[in-house]
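Listed here are the chains, written in short residue letters.
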Amino acid sequence: MSLDEQMDVVSPVRNVRRQLRSRVPWLSHDLWTSWDKTGKIEFYTKCKECLRLEKQSTRDTMSNNRVLVEAIYELVLSGMKRIIPRDRVIGMLKLLLAVNPAKFSSLLSDVWSTIDSISFSRGTEGSARRDIFVQFTKELANPFFYLFEEKLDSELFSENGIMTSGEIKQYQQKFIRLKTKTYYKQQKFNLFREEPEGYGKLIAELCRPLEKTTYTYMLNVVHSLIGTCYLDPNRVLDIVLEAFERQPKSDFFIPLLEQLKPEPNTICEILAFKLKHVESSRSLFNLIALLLQHKIILLDAIYPWLKPDNRIIEKQWERQLTEAQMYAKQAMRVRLDGKEDNGPTLDEDENLVEDRSTYTENEKLLLCKALLDIGAWDVVHNLLQRHPKFSLVSCAPVARSLVRLINYLIDPIYNTISDLGGKRKVRRPYYWLNNPKAPVQISDYDKVEESIHIILALGPYIHCDPILIYKIIRIIKFYLEGVQGKPKTEIYYTFIDVLDEVLLPALCYLDANCAIAKELWTVLEHYPYQIRFRLYGSWKSEEKARIHPTLLRKRVDHLKNVKHLMRRISKENVKFMGRQLGKLTHSIPAIVFDYILSQIQLFDNLTTPVIDALKYLSPLGYDILGYCLLEALSPHAPQNNKKNSDLSVMLGDRARTKHDGSTIAPWIQYLSTFAGNICKKYSLDLVPLLQYIANQLKAKESLDLLLLKQIVEKMTGIEAAEDITSEQLEAMSGGELLKSEAGYFGQLRTAKKSATRLREATAHNDLAITLCILMSQQRNRIIYDESQVGLHTKLVGKLYDQCQDTLVQFGTFLATSCTLDEYARKIPQLETLVDEYHVDCDVAFFLWRPVFSHLILSKYEELRRASKAHKKLTQIQLEGVYANASESVLEPVVSVMKSYLPPKTWEDVSPQFFVTFWSLTLYDLWVPSEAYTREVLRIKQLAATAAENKEFTSSKRRKEQERCSQLIDKLQDEQRRQSEHVRRVLAKLEKEKDFWFAPRTQKSAKNEAVTAFLQLCLFPRCIFTAPDSLYCAQFVKTIHLLQTPNFSTLICYDRVFCDIIYTVTSCTENEANRYGRFLNALLTTVMKWHGDKNIFQQECASFPGFVTKFRATNTSLAESNDHVDYENYRHVCHKWHYKITKCVIVCLESKDFTQIRNALIVLKRILPSFPRVINLANAVEKWVERVRGEQKDKRQDLFALATSYIGQLKAKMPSLIPEEAFHQKATPEKTQVQAVKTDSKVQKIVEVPKATGKTSQQDTKDGKGESIGQRADETKLPKVVTKADEGKTLKPETKTVRIKTSEIKGNNVSDGSTKVTSTSSSGGSNGAEKAKISRKIEIKSSSKEKDIKRRKIDDSPSPSSSTNTKSKYTSKK
């Protein structure tokens, strides 16, 4: 490095210090303060390393020189500031001088000159430091005098006394004469001494065919001519370079120049003269490139002579980026005048002219292209480092040259994987095939890593050669196909960088090239979706577009086009618009899909035409659509959080709930519906969507379950709709064929292919079971988790319903999409679900119920075939085989359930009963014969319609009739098989019923068995699904018809009907629907017995469930007067209707939205069975009308519910009956007391008041102290007196109880009081004696009671009071 260049580096010392402060961290203040301890050694070591480094590149040399300059400057400055003693500074400088005298002395003189000028310019301010500096100079004069004499000012010598004034004057005169001679005196050459003939001979020798001569011969000729003809060596060098330019034969001229050994600076000056005064040509830059490649000259030497300056190139590049960004901002603006602003655009030809002129005027671009043409990649890489990234490669000629170099590099490896092999023709020959300085070609995948940076340097500008894109794609594809299932190597991830930096961005420049897009997908499909989605995110990010001006403009143009299409798309032009959209998605799919999804979030009516228009997408387009869909749904998407984005078309920062926080935002529903439809119609990768839902559930977010619900519904046809009709619900209790044909709104057979794809996706990473478990856990988390605190009550209910419905829907799909053997292998054991995953019992049995049925049938077939005469087995024998099979399968489950609940639970019901209830379905208990008949008639009608349809061909009509005929046969066969199955199940239940409930010798009169049954079985399952609600009602009827011992049907019904307030209030919206279906099914059975005495006598009169006297003796025989007769049962039915009416009115009277909504939902569901009495209907109608009026301007949802119910109720009014027709109203005349014999432990007395007529009122205690037979005009009857302790002597006791009765509007029952006198005694030496009880009932009319305010149905108490209106008792001993 010359002295002048070093001075240029050192001159702005302060700038150098500022720039190098971060590069020389060890030059800190601590170094000088700890100089004696560690600073001196550290300083010497660092400087010594910089001085001893040899064979460095020019850039490294300059860097080390700057570090040394900074170190010397700081050292001297510390001495001048007296931080370090002067003698130690001088000693360190002398030590460094000994390491490398030439280099260090040069650098020291430069620093000394700079400090001299700075300290002198400060004047009086730095006089003290100037004096110290003068002393430094004096002490260093001996070793560095010759350098100080050259660099320092003479005044400094006079200050320190090194030179006298005379010597200084003489020195100045010598310096002036030398300067004049060097710079101003013209050199006199003896031109006449040179012989021009020598130049001619030299030119003749250099222009002869070089193939017939060698460079050694030419070297001798040149030396001879220079010596003989006295030729100027510089002019000879110029002629040699000129010949080299005309004949670029490097293997001849390069050795010649190396032997001539010219100065590199001289060559650079000659070349600079040519660049400045001679018109630049391609051959000149080829010459420079060859000289650089063979290191005859260095890039640092020739680079300053190239134009334009780097600052100009950087400004031009920044201007292009700024113009592209402004173009993007203008495109994103919305014009109010309705006109489209396309921004400033140039014609394609004008762009080419501008690019061509820029290219020819930029000598650095020309040199870069020439270097690439000869394969001098190392020099090109150095040149690219000096400019903004991609600023040189963006020039088309440079990019094409780099493309040819890459083609040359990958040619051998591509030949090995290409089908054509060596037969493939090269379009143009490669000039550097025999050039030893060219990069090494890639012959196998082990050498790819060495040259991959050349491909990365090209970036997206590889688009100028689509064939090269194909080659690289196929090379990567061949490698990925070979490493499947093997450990990943470094090249596996290197190819990801190639996709990210080169191939995917290059696709943006290729307009509608679907072939490359499809070929690119063959590579991407080998990577997991995590890597693919990361690539898509990088591809669509604006950071990548902002470093490529042309790419940014391309994105903007695509966005304009997609906006134009989306404004005009409709159902009529969907085919044409779909093709246009398909073309756009082949280039920049992400920007297209982002805008489409943003429009769907705003306008849901675009869903259908957009889905139809997307059928022209490539596989790559569908995969990117899935990514964009996930990004739009994700609450933490980076695009959604960007506010200052120029090209972002996503609707960021959108709330996921409505402004009041009560419901899910509509845009989530629109996107979920779109996702479900798009997944069904096209082959999107479902694994990312399912994994996203699982991740959201793990994060305690359940809003995205709407996405899973829509995907399962659209792809499988399995619906989670609560608005299912009664006919569909009836069909859901049949076989699989009946379910698929009549149980859903759509046809399941039309979704077989999409259901198969969903099943395959759920098999990935066990997503099926993972989602089921997460959803079951999320149900409880929605209600009880602290993170859900603050959510609107309505939203909590919606989320719970959504989670429950999706769980049922997804579980149903899993059970029907694969064989039950595969399903049983997937699902964890029941014990694991309950204990480890903490899954509720209802969900665990729901998941395992299909497996139980399958295992029982398999075991049944196995046992049946094991019999020798299995074909001759009778029906009873087959039923016994089925019972044995069921017992063997369910016995382990019974053992598991024993430990699931507390041991006290099994004192009321047996574990076998618990498992039986939860393992059965409606399919096992009841055959929907009407549904089968209805579906058969429908299919026959379809066959008849098809036969009469003239548009069908004869073959098509015949096929349709054959299909219908086969379907009918299958339905009839399925009905037969279900009938046989139901008979076997009922026979099994008949066998087990005696062990379900504990005998009453061990229980109290309250009958806790019914309570346990309701709590553990009936209530949890009746609100699980709509079919389960019917199952619960049917199960109660079944155990009644089976005449199950120790089970009271009346008490069970009474518990359900008498107080539904809390149950209705605690339900969500969908649970209220299911609970209403359950109540309606129970009421249907109750009213069936109520409406026909013969049916009552056949199914109820003598059944254990209608016993009113519970005898302590364990006998199956009952007396005739132990059962409720028909008329008393009608009284009980009236009481139940009254209780339901009162509870509903309490809910409607409350101001709570949930109570009102649920009450209206339940009323709608039980409308076929309730109300039946006119006065009760009038009361309900009055309150519903009041709610309708209050909520008209407040809550439109409640107003709509009330309006709908009022319309249906008024339509039913003509069929209602008065109370007298509903039941026979009776007036008590006389008291009949019946004594019940008991054992020594329990004594129960049941009062049976005698009614007018032939029948008697019989009341049964339900365990709460309330009489089941209580009439509607009575609020409470006396409690039963019980003797529970053996051996205790009960003193005679007399009680008078007054019961206040109320009058129901429309009843002709007068107010009064009932006086009950009770006397009881017990005793005996053996601990058990018969009780003698007598009761005397006197009915007295009291005029005082007439002034008491009557409680009417329309003035029922508020929820703050007790839900059951209790009587006021007055007791007197």
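Just so you know, the residues in each chain are numbered from 1, in the order the chain's sequence is written. Side-chain atom pairs in this predicted model are given and counted only at pLDDT of 80 or more, local residue features only at pLDDT of at least 70, and totals for whole chains, interfaces and linings cover all residues. The basis for the side-chain values is all heavy atoms of the structure; hydrogens and waters are excluded.

**Student:** Explain the overall build of the protein here, please?
**Tutor:** Helix and strand labels come from DSSP, where a helix needs a run of H or I of at least four residues and a strand needs a run of E of at least two; each type is numbered from the N terminus. Scanning the protein for helices and strands turns up 61 helices and seven strands. For every residue, the accessible area obtained with a 1.4 Å probe (protein chains only) is divided by the maximum for its type, and the residue is called buried under 20%, exposed over 50%, and partly exposed between those limits. Within the protein, buried positions represent 52% of all 1373 residues. We call two residues in contact when some of their heavy atoms are within 4.5 Å. Pairs at least 24 apart in sequence give 75% of the contacts found in the protein among residues at least 6 apart. Accessible area for the protein stands at about 66,800 Å²; split by element, carbon and sulfur atoms hold 51% of it. Per-residue and other accessible areas follow the Shrake-Rupley method at a 1.4 Å probe size, with only the shown protein chains counted as cover for residues.

**Student:** Before we go on, may I ask you to explain the packing of helix H55 (residues 1069-1091) against helix H58 (residues 1153-1165) in this structure?
**Tutor:** Each packed pair of helices is defined by two parameters, the angle between the axes and the distance between the axes. A fitted line through C-alpha atoms serves as each axis, taken over the contacting stretch for helices, and the angle formed by two N-to-C directions is quoted from 0 to 180°. In contact at an axis separation of 8 Å, H55 and H58 are set at 35° when each is read in the N-to-C sense. Note that H55 runs across H58; the crossing there is right-handed. Contacts from Glu1069, Ala1072, Asn1073, Gly1076, Arg1077, Leu1079 and Asn1080 in H55 reach Arg1157, Asn1158, Ile1161, Val1162 and Arg1165 in H58. By convention, the crossing between two helices is left-handed when the near helix turns anticlockwise from the far helix through less than a right angle, and right-handed when the turn is clockwise.

**Student:** Is there a simple way to explain the packing of aromatic side chains in this structure?
**Tutor:** Centre distance within 6.5 Å is the pairing criterion for rings of Phe, Tyr and Trp, where only the six-membered ring of Trp is used; planes under 30 degrees apart are then read as stacked, over 60 as edge-to-face, and the remainder as tilted. Counted under the stated rule, the structure contains 49 aromatic pairs. Only when the NZ atom of a Lys or the CZ atom of an Arg is both within 6 Å of the ring centre and within 35 degrees of the ring normal do we say a charge sits over the ring. For the cation-ring pair, Arg386 lies above Tyr303, with the distance from its terminal atom to the ring centre recorded as 4.9 Å. Here the basic side chain of Arg553 rests over the ring of Tyr327, its NZ or CZ set 4.8 Å away from the ring centre.

**Student:** Help me understand the environment of Gly1189 in this model?
**Tutor:** Among the secondary structure elements, Gly1189 is positioned in helix H59 (residues 1174-1190). Overall, Gly1189 belongs to the exposed group, its relative accessible area being 51%.

**Student:** Any chance you could explain helix H28 (residues 529-540) here in plain terms?
**Tutor:** Its twelve residues place the ends of H28 16 Å apart at the C-alpha level, agreeing with the 16 Å of an ideal helix rising 1.5 Å per residue. Within H28, ten of the twelve residues are buried, which leaves the element mostly enclosed by the surrounding structure. Among the residues of H28, those classed as buried are Tyr529, Ile531, Arg532, Phe533, Leu535, Tyr536, Gly537, Ser538, Trp539 and Lys540. To estimate how far a helix should reach, multiply one less than its number of residues by 1.5 Å.

**Student:** What exactly am I supposed to notice about the side chain of Glu730 here?
**Tutor:** As for its position among the elements, Glu730 is in helix H38 (residues 726-731). Judged by relative accessible area, Glu730 falls into the buried class, the value being 12%.

**Student:** So what exactly am I meant to see when it comes to unusual backbone geometry here?
**Tutor:** A negative phi angle is the norm for most residues apart from glycine, just as the trans form is the norm for most peptide bonds. In this structure, the amide linkage connecting Lys307 to the following residue, Pro308, adopts the cis form with an omega of 0°. Inspection of the secondary structure puts Pro308 in the loop between helix H18 (299-302) and helix H19 (310-332). Residue Pro1171 is bonded to the preceding Phe1170 through a cis peptide linkage, with omega at 0°. At Lys295, a residue that is not glycine, the phi angle is positive and equals roughly 60°. Relative to the helices and strands, Lys295 is located in the loop between helix H17 (282-293) and H18. Residue class for Lys295 comes out exposed when judged on its relative accessible area of 66%.

**Student:** Looking at this model, I keep getting lost on the pattern of salt bridges. Mind explaining?
**Tutor:** Oppositely charged side chains may form a pair once their charged atoms are brought near each other. A pair is scored as a salt bridge if a Lys or Arg side-chain nitrogen falls within 4 Å of a carboxyl oxygen belonging to Asp or Glu. Under the definition given, this model contains 47 salt bridges. Here Asp373 makes a salt bridge to Lys369, at a shortest N to O gap of 2.9 Å. In this pair, Asp373 and Lys369 both sit in helix H21 (residues 363-374), four residues apart, roughly one turn of the helix. Neither residue differs from the other here; Asp373 and Lys369 are each classed as buried. Asp1197 is paired through a salt bridge with Arg1195; the nearest N and O atoms lie 3.5 Å apart. Judged by its relative accessible area of 29%, Asp1197 falls in the partly exposed class. When salt bridges with common partners are traced through the structure, they connect Asp238, Glu242, Arg246 and Lys274 into a single cluster.

**Student:** Could you clarify how one ought to interpret the confidence of the model for the protein in this entry?
**Tutor:** Should the pLDDT be low somewhere, the predicted coordinates at that spot are not to be read in detail. Scored by pLDDT, the protein comes out at a mean of 77, with 75% of its residues at no less than 70. Looking at the elements of the protein, mean pLDDT is at its lowest for strand S7 (residues 1334-1340), recorded as 29, and at its highest for helix H27 (residues 514-524), recorded as 93. Per-residue confidence from the predictor is reported as pLDDT, which spans 0 to 100. Here residues 639-644 is a poorly scored stretch, pLDDT under 50, and it has 16 contacts once near neighbours within four places are set aside; other chains count. Below pLDDT 50 for its whole length, residues 1228-1373 participates in 275 contacts with residues either more than four positions away or in separate chains.

**Student:** Sorry if this is basic, but what is going on with empty space enclosed by the protein here?
**Tutor:** To find leftover empty space, a probe the size of one water molecule is rolled over the atoms. Using a grid of 1 Å spacing that covers the protein atoms alone, one calls a set of points a cavity when a 1.4 Å probe fits there but cannot get out, and a pocket when the set is open and has protein on both sides within 12 Å along at least five of seven lines; lining residues are those with an atom within 4 Å of a point. Grid points are joined across faces, edges and corners, and a volume is the space filled by probe spheres set on the points. By the definition in use, this model includes twelve cavities of 30 Å³ or more. Taken as a whole, the second largest cavity holds about 110 Å³ of empty space. The wall of the second largest cavity is formed by Ile410, Ile413, Ile442, Val448, Ser451, Ile452, Ile455, Ile472, Ile475, Ile476, Phe495 and Val498. Among the secondary structure elements, those contributing two or more residues to the lining of the second largest cavity are helix H23 (396-417), helix H24 (448-458), helix H25 (466-482) and helix H26 (490-507). Examining the composition of the lining of the second largest cavity, we find that four residues originate from one element, H24, more than from any other.

**Student:** For this particular structure, what's the right way to read the nonpolar core?
**Tutor:** Soluble globular proteins tend to bury their nonpolar side chains together. In this text, buried Ala, Val, Leu, Ile, Met, Phe, Trp, Tyr and Cys residues form a nonpolar core when linked through side-chain atoms within 4.5 Å. Leu291, Phe914 and Phe1013 are the most contacted members of the largest nonpolar core, which totals 335 residues. Apart from the residues lying within four places of it in its own chain, the contact partners of Leu291 are Leu241, Phe244, Ile254, Leu257, Ile267, Leu271, Ile296 and Ile297. Core analysis: the next-biggest nonpolar cluster, separate from the first, contains 36 residues, Leu75, Val76, Phe133 and Phe136 among them.

**Student:** Would you explain the state of the cysteines in this entry?
**Tutor:** By definition, a disulfide links the sulfur atoms of two cysteine residues through a covalent bond. Put simply, a disulfide is two cysteine sulfurs that come within 2.5 Å. This structure, assessed with the given rule, holds zero disulfides. Counting only cysteine sulfurs, Cys1022 is the nearest neighbor of Cys1067, a cysteine outside any disulfide, at a range of 7.5 Å. On the basis of relative accessible area, Cys1067 is assigned to the buried category, the value being 5%.

**Student:** When you look at a positive patch on the surface in this model, what are you seeing that I'm missing?
**Tutor:** A surface patch of positive charge is lined by Lys575, Arg579, Lys583 and Lys615. On the secondary structure map, Lys575 appears in helix H31 (residues 574-585). Grouping into patches uses exposed residues only, defined as over 30% relative accessible area, and leaves out salt-bridged ones; the cut-off is 9 Å for like charges and 5 Å for nonpolar side chains (Val, Leu, Ile, Met, Phe, Trp, Tyr). Note that His is not counted, nor are the chain ends; the positive residues are Lys and Arg, and the negative ones are Asp and Glu. By convention, the point assigned to a charge is CZ for Arg, NZ for Lys, CD for Glu and CG for Asp.

**Student:** Would you take a moment to explain a negative patch on the surface for this structure?
**Tutor:** Together, Asp444, Asp446, Glu449, Glu450, Glu490 and Asp497 line one region of the surface with negative charge. Listed by contribution, the elements that provide at least two residues to the negative patch are H24 and H26. Relative to the helices and strands, Asp497 is located in helix H26.

**Student:** What is the right way to look at the environment of Trp918 in this model?
**Tutor:** Relative to the elements of secondary structure, Trp918 occurs in helix H47 (residues 911-919). By relative accessible area, Trp918 is classed as buried at 2%. Residues contacting Trp918, with those up to four places away along its chain left out, are Asp842, Phe845, Arg849, Leu1016, Cys1017, Pro1020 and Arg1021. The term polar contact refers here to a pair of N or O atoms within 3.5 Å; inside protein, the definition further demands a hydrogen-donor-capable atom paired with an acceptor-capable atom, and it admits residues adjacent in sequence only when both atoms are side-chain atoms. Of the polar contacts made by the side chain of Trp918, one reaches the backbone oxygen of Leu1016; its length is 3.4 Å.

**Student:** So what exactly am I meant to see when it comes to the environment of Val808 here?
**Tutor:** Inspection of the secondary structure puts Val808 in helix H42 (residues 793-817). Classification of Val808 by relative accessible area gives buried; the value is 16%. Measuring from C-alpha to C-alpha, the distance between Val808 and Phe846 comes to 8.2 Å, with 38 residues separating the pair along the chain.

**Student:** Looking at this structure, I do not really get the packing of helix H14 (residues 233-246) against helix H15 (residues 250-260). What am I missing?
**Tutor:** Between H14 and H15, the least distance of the axes is 10 Å, while the angle of their chain directions is 165°. By the angle class used here, H14 and H15 are roughly antiparallel. Here H14 and H15 pass one another in a crossing that is left-handed. Where H14 approaches H15, its residues Leu237, Val240, Leu241, Ala243 and Phe244 are matched on the opposing element by Ser250, Phe253, Ile254, Leu256, Leu257 and Leu260. Nonpolar residues are Ala, Val, Leu, Ile, Met, Phe, Trp, Tyr, Cys and Pro. Charged residues are Asp, Glu, Lys and Arg, and all others, Gly as well, are polar. Taken together, the residues of the contact of H14 with H15 sort by class into ten nonpolar, one polar and no charged. Under this scheme an angle from 65 to 115 degrees is roughly perpendicular, one under 35 degrees roughly parallel, and one over 145 degrees roughly antiparallel; angles in between are oblique.

**Student:** Sorry if this is basic, but what is going on with helix H36 (residues 686-698) here?
**Tutor:** A turn of α-helix holds 3.6 residues, and therefore any two residues three or four places apart point the same way. Compared with an ideal rise of 1.5 Å per residue, which puts 13 residues at 18 Å, H36 spans 19 Å between its outermost C-alpha atoms and is within 8% of the ideal. Burial within H36 is extensive, with eleven of its 13 residues counted as buried. Listed as buried for H36 are Leu686, Val687, Pro688, Leu689, Leu690, Gln691, Tyr692, Ile693, Ala694, Gln696 and Leu697. Taken together, the buried residues of H36 touch H28, helix H34 (619-633), helix H35 (666-681), helix H37 (705-716), helix H40 (752-762) and helix H41 (767-784). The backbone nitrogen of Val687 lies 3.3 Å from a side-chain oxygen of the residue at the head of H36, namely Asp685.

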